[in-house]
Amino acid sequence: QTASEHELDDKVSVALARLDDLEAGYRAFHSTMTEIVRAFPRKVAQANEKYHYYLCTGIHVKPQVATPPEALPKEEPAPPPPPPEPTKPPSAKGAKGAAAVPPVPPP
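Residues numbered from 1 in each chain as written. Predicted model: local features only at pLDDT ≥ 70, side-chain atom pairs only at ≥ 80, totals over all residues. Heavy atoms only, no water.

**Some thoughts on the overall build of the protein chain**
Thinking step 1. When helices and strands are tallied, the protein chain shows 2 helices and 0 strands.
Thinking step 2. Looking at the protein chain residue by residue over its 107 residues, the buried ones come to 4%.
Thinking step 3. Here the protein chain has roughly 10300 Å² of accessible surface; of this, 64% comes from carbon and sulfur atoms. (Helix = DSSP H or I, 4+ residues; strand = E, 2+ residues; numbered from the N terminus. Buried < 20%, exposed > 50% of the residue type's maximum accessible area, 1.4 Å probe, protein only. Areas by Shrake-Rupley, 256 points an atom, 1.4 Å probe, with all protein chains shown as cover.)

Here you go:
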């Protein structure tokens, strides 16, 4: 073999070693993700459903999952009741037969 063939073989070996490193990294990542999915299956399913819903609504197609709770319209709280009408002291004229009550001075 010539020198250039030896160089080529060396470069191919380096490239294959890098590919082996990439494969090992992907396998480690897959293993870690599989452990997480197995540890929290319901949370992963909810996250997938949420992703599906928002992706579908983003591209204007009908989602095949239920609407996530945070996407539901929020109910407006009922407005507070109006304050009671202020009571008016009876007027000095008063109604027929009613005694006139003098106004009470403020404290």
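**Section: a negative patch on the surface**
Thinking step 1. Together, Glu-5, Glu-7, Asp-9 and Asp-10 make up a negatively charged patch on the protein surface.
Thinking step 2. Along the chain, Asp-10 falls in helix α1 (residues 3-39).
Thinking step 3. Classification of Asp-10 by relative accessible area gives exposed; the value is 52%. (Patch = residues over 30% accessible without salt bridge, like charges linked within 9 Å, V, L, I, M, F, W, Y side chains within 5 Å. Salt bridge = Lys/Arg side-chain N within 4 Å of Asp/Glu carboxyl O. Lys, Arg positive; Asp, Glu negative; His and termini not counted. Charge placed at Lys NZ, Arg CZ, Asp CG, Glu CD.)

**Brief notes about the pattern of salt bridges**
Thinking step 1. Counted by the stated rule, this structure contains 2 salt bridges.
Thinking step 2. The salt bridge partner of Arg-27 is Glu-23, with a shortest N-O separation of 3.0 Å. Residue Arg-27 and its partner Glu-23 are both found in helix α1; the two are separated by 4 residues, about one turn of the helix.
Thinking step 3. We classify Arg-27 as exposed; its relative accessible area is 57%.
Thinking step 4. Among the residues examined, Glu-23 registers a relative accessible area of 39% and is labelled partly exposed.
Thinking step 5. Note that Glu-70 and Lys-50 form a salt bridge whose closest N and O atoms lie 3.5 Å from each other. Of this pair, Glu-70 sits in the segment after α2 (41-58) while Lys-50 sits in helix α2; the two residues are 20 residues apart in sequence, bridging distant segments of the chain.
Thinking step 6. Using a relative accessible area of 40% as the deciding quantity, one classes Glu-70 as partly exposed.

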